[in-house]
Amino acid sequence: MKMRLTDEEIEKFRHSVDAFRAAMDIRSGMNIRVAKRVTIILRVGVASFAIVAIIMALLIYTLTTQMQSMIDVVQTMNRNFTSMSKNVETMEKSVATMRDNMGVMPNIVQQVQAMDGYEKGMYASMQSIEQDMAVLKGQMGAMRQDVNVMSQTFFLMDHAVQGLDGNVNRMSRPARLFNWMSPFQ
C-alpha cells in the first residue's frame, strides 16, 4: 500500500527542508566567522609575543647601560658618607668640649664670674659646630641629589629586573644543557 502525500503535506515537507537548509547555512556561516576570529586572535597573540620580546630586549639593554651610572652614584654616596662620618666625629668632639665647659658650672649663682671663660670656650665650640654644620649641609645637598639619581636608576632597574626575573631560568637552559654535556667537569 502506497501512501500518497497531499499537496499540503508536500508543501510542509518542502518548507521543513528549506528551513533545515537555512539553518545549515547559518551554522556554516557561524563556523566561518569563528574560524576568522580564531585566526585574528592567533595573529594578535603572535604579534603581542613579538612586542614582549622586543620590550625584554630593550629592558636588558637599559639595565646594562644604566649599570655604570648606578655604580658611579654608589661610589659618590660612599665618599659622601665617609666625609659625613668625619664631620660627625668632629661634631661629637665639639659637643664633648661643650659638655666639659658646661659641666664645671655646678652653681650658677656663685660661678657668674667664672662663666666668662667658659663662655669663650662655648663660643669657639659653637663656631666649630656652625662650620661643621655648613659643611654637612653642603654634603647633604649633594647626597640628596645622588639619592634622587639613585631613586630614578632604581626605578628603571626595578622595571627591568621584574621583566628579567621570569626569563633568567628560561634563558639559562641552553647553558645548563651545555654544562651537562661538557666533558671537562
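A quick note: this is a predicted structure, and the numbers were derived from the prediction, not measured.

Procedures and definitions
- Residues numbered from 1 in each chain as written.
- Predicted model: local features only at pLDDT ≥ 70, side-chain atom pairs only at ≥ 80, totals over all residues.
- Heavy atoms only, no water.
- Helix = DSSP H or I, 4+ residues; strand = E, 2+ residues; numbered from the N terminus.
- Buried < 20%, exposed > 50% of the residue type's maximum accessible area, 1.4 Å probe, protein only.
- Contact = heavy atoms within 4.5 Å.
- Areas by Shrake-Rupley, 256 points an atom, 1.4 Å probe, with all protein chains shown as cover.
- pLDDT = per-residue confidence, 0-100.
- Salt bridge = Lys/Arg side-chain N within 4 Å of Asp/Glu carboxyl O.

(A) Representation of the overall build of the protein within the structure. Helix and strand counts for the protein stand at 3 helices and 0 strands. Counting from the amino terminus, the protein carries its helices and strands in the arrangement α-α-α. Going through the 185 residues of the protein one by one, you find that 14% of them count as buried. The contacts of the protein with a sequence gap of at least 6 include a subset with a gap of at least 24, amounting to 84%. Summed over its atoms, the accessible surface of the protein is roughly 15,400 Å², and 64% of this surface lies on carbon and sulfur atoms.

(B) The confidence of the model for the protein, seen in detail. Taken as a whole, the protein shows an average pLDDT of 81; of its residues, 83% reach a score of 70 or greater. Least confident of the elements in the protein is helix 3 (residues 168-181), whose mean pLDDT is 69; most confident is helix 1 (residues 7-103), at 87.

(C) Looking closely at the side chain of Asn87. For Asn87, the location among the structural elements is in helix 1. Judged by its relative accessible area of 11%, Asn87 falls in the buried class. Setting aside its immediate chain neighbours within four residues, Asn87 contacts Val135, Leu136 and Gln139.

(D) Quick peek at the environment of Ala96. On the secondary structure map, Ala96 appears in helix 1. A relative accessible area of 22% means that Ala96 is categorised as partly exposed. Along the primary structure Ala96 and Ser125 are separated by 29 residues, whereas in three dimensions their C-alpha atoms are 9.4 Å apart.

(E) Geometry of the side chain of Thr153. Residue placement: Thr153 occurs in helix 2 (residues 115-165). The class of Thr153 is buried, set by a relative accessible area of 5%. Setting aside residues no more than four positions away along its own chain, Thr153 makes contact with Gln66 and Met70.

(F) Layout of the pattern of salt bridges. A full pass over the atoms with the stated rule returns 2 salt bridges. Taking the shortest distance from any N to any O, the salt bridge between Glu8 and Lys12 comes out at 3.7 Å. With Glu8 and Lys12 both in helix 1 and 4 residues apart, this pair spans about one turn of that helix. We note that Glu8, like Lys12, is exposed. Ionic pairing is found between Arg21 and Asp18, a salt bridge with its closest N-O pair at 3.5 Å.

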